[in-house]
Amino acid sequence: YCFTWSVYTTGTNILAGNQYNSILFKNGAALKYGHPALGTTTGALVASGGSCCVKMNGSTDYVEVYFLNSNAVTTLTTNNSSLVTYFSGTWTGPNA
(Lines give C-alpha, C1' and ligand atoms only; values in the text may rest on other atoms or scores of the structure.)
Protein backbone atom coordinates (compact mmCIF):
# COMPACT_ATOMS: atom_id res chain seq x y z
CA TYR A 1 0.00 0.00 0.00
CA CYS A 2 1.15 3.55 -0.70
CA PHE A 3 -0.06 6.40 1.50
CA THR A 4 0.00 10.17 1.08
CA TRP A 5 -0.93 12.70 3.76
CA SER A 6 -0.89 16.38 4.62
CA VAL A 7 -1.82 18.28 7.79
CA TYR A 8 -2.32 22.04 7.70
CA THR A 9 -2.78 24.02 10.91
CA THR A 10 -2.80 27.57 12.20
CA GLY A 11 -3.63 29.48 15.35
CA THR A 12 -2.16 31.17 18.38
CA ASN A 13 -0.64 27.87 19.55
CA ILE A 14 1.75 27.95 16.58
CA LEU A 15 4.89 29.55 18.00
CA ALA A 16 7.88 31.07 16.22
CA GLY A 17 10.89 28.75 16.24
CA ASN A 18 9.00 25.58 17.15
CA GLN A 19 8.98 22.55 14.86
CA TYR A 20 5.83 20.74 13.71
CA ASN A 21 5.73 17.38 11.98
CA SER A 22 3.29 14.75 10.76
CA ILE A 23 4.06 11.08 11.39
CA LEU A 24 2.68 7.93 9.78
CA PHE A 25 2.18 5.12 12.31
CA LYS A 26 1.74 1.44 11.46
CA ASN A 27 0.13 -0.76 14.12
CA GLY A 28 0.79 1.90 16.78
CA ALA A 29 4.50 2.45 16.03
CA ALA A 30 6.05 5.45 14.27
CA LEU A 31 7.06 4.47 10.73
CA LYS A 32 7.68 7.60 8.63
CA TYR A 33 8.03 11.28 9.47
CA GLY A 34 6.57 13.83 7.08
CA HIS A 35 8.36 16.99 6.00
CA PRO A 36 8.98 19.18 9.06
CA ALA A 37 7.50 22.66 9.30
CA LEU A 38 8.95 25.52 11.32
CA GLY A 39 6.74 28.15 12.94
CA THR A 40 8.01 31.47 11.59
CA THR A 41 5.79 33.74 13.67
CA THR A 42 3.18 33.19 16.35
CA GLY A 43 -0.08 32.19 14.69
CA ALA A 44 1.63 31.30 11.41
CA LEU A 45 0.29 28.71 9.00
CA VAL A 46 2.24 25.44 9.05
CA ALA A 47 1.86 22.29 6.98
CA SER A 48 3.53 18.90 7.12
CA GLY A 49 3.00 15.99 4.79
CA GLY A 50 4.63 12.98 3.28
CA SER A 51 4.24 9.72 1.43
CA CYS A 52 5.33 6.18 2.08
CA CYS A 53 4.80 2.68 0.69
CA VAL A 54 4.17 0.08 3.40
CA LYS A 55 3.85 -3.71 3.43
CA MET A 56 0.57 -4.64 5.10
CA ASN A 57 -1.08 -8.00 5.66
CA GLY A 58 -4.48 -6.89 4.35
CA SER A 59 -6.45 -7.90 7.45
CA THR A 60 -5.10 -6.71 10.82
CA ASP A 61 -2.45 -4.09 9.96
CA TYR A 62 -3.55 -0.46 10.21
CA VAL A 63 -2.03 3.01 9.72
CA GLU A 64 -2.70 6.38 11.34
CA VAL A 65 -1.33 9.90 10.92
CA TYR A 66 -0.48 12.09 13.91
CA PHE A 67 0.69 15.70 14.05
CA LEU A 68 3.48 16.47 16.53
CA ASN A 69 4.30 19.90 17.91
CA SER A 70 7.48 20.66 19.85
CA ASN A 71 5.95 23.21 22.22
CA ALA A 72 3.96 20.73 24.37
CA VAL A 73 0.66 22.43 23.55
CA THR A 74 -1.95 19.71 23.32
CA THR A 75 -4.49 21.51 21.12
CA LEU A 76 -3.98 22.74 17.58
CA THR A 77 -6.67 23.63 15.10
CA THR A 78 -6.42 21.81 11.77
CA ASN A 79 -7.91 23.08 8.55
CA ASN A 80 -10.52 20.53 7.50
CA SER A 81 -10.40 21.47 3.82
CA SER A 82 -9.55 18.40 1.75
CA LEU A 83 -7.33 20.65 -0.39
CA VAL A 84 -4.78 21.01 2.42
CA THR A 85 -5.53 18.33 5.06
CA TYR A 86 -5.93 14.80 3.70
CA PHE A 87 -4.96 11.16 4.03
CA SER A 88 -5.15 8.69 1.17
CA GLY A 89 -3.98 5.18 0.46
CA THR A 90 -3.74 2.93 -2.58
CA TRP A 91 -3.20 -0.78 -2.85
CA THR A 92 -0.23 -1.39 -5.16
CA GLY A 93 -0.26 -5.18 -5.13
CA PRO A 94 -0.87 -7.61 -8.00
CA ASN A 95 -3.62 -6.61 -10.40
CA ALA A 96 -3.89 -3.17 -8.76
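Going by the structure above, here's the rest.
Residues numbered from 1 in each chain as written. Predicted model: local features only at pLDDT ≥ 70, side-chain atom pairs only at ≥ 80, totals over all residues. Heavy atoms only, no water.

1. Looking at the state of the cysteines
Counted by the stated rule, this structure contains one disulfide. One disulfide in the model links Cys2 with Cys53; its S-S distance is 2.0 Å. Between Cys2 and Cys53 the sulfur-sulfur dihedral comes to about 90 degrees; the bridge is accordingly right-handed. Of this pair, Cys2 sits in strand S1 (residues 2–11) while Cys53 sits in strand S5 (residues 43–53), and the two are 51 residues apart along the sequence. Judged by its relative accessible area of 21%, Cys2 falls in the partly exposed class. Of the cysteine sulfurs around Cys52, a residue in no disulfide, the closest is that of Cys53, at 6.7 Å. (Disulfide = S-S within 2.5 Å. Helix = DSSP H or I, 4+ residues; strand = E, 2+ residues; numbered from the N terminus. Buried < 20%, exposed > 50% of the residue type's maximum accessible area, 1.4 Å probe, protein only.)

2. A look at the nonpolar core
Listed in full, the six residues of the largest apolar core are Phe3, Trp5, Leu24, Cys52, Val54 and Val63. Leave out the neighbours within four places in its chain, and Cys52 touches Tyr1, Cys2, Phe3, Trp5, Leu24, Leu31 and Lys32. Ranked by size, the runner-up nonpolar core spans five residues in total, among them Ile14, Ala37, Ala44 and Val46. (Core = buried A, V, L, I, M, F, W, Y, C linked by side-chain atoms within 4.5 Å. Contact = heavy atoms within 4.5 Å.)

3. Brief notes about the pattern of salt bridges
A complete count under the given rule lists one salt bridge for this structure. The residue Lys26 makes a salt bridge to Asp61 at a minimum N-O spacing of 3.9 Å. One end of the pair, Lys26, is in strand S2 (residues 19–26); the other, Asp61, is in the loop between S5 and strand S6 (63–69), with 35 residues separating them in the sequence. Overall, Lys26 belongs to the partly exposed group, its relative accessible area being 23%. (Salt bridge = Lys/Arg side-chain N within 4 Å of Asp/Glu carboxyl O.)

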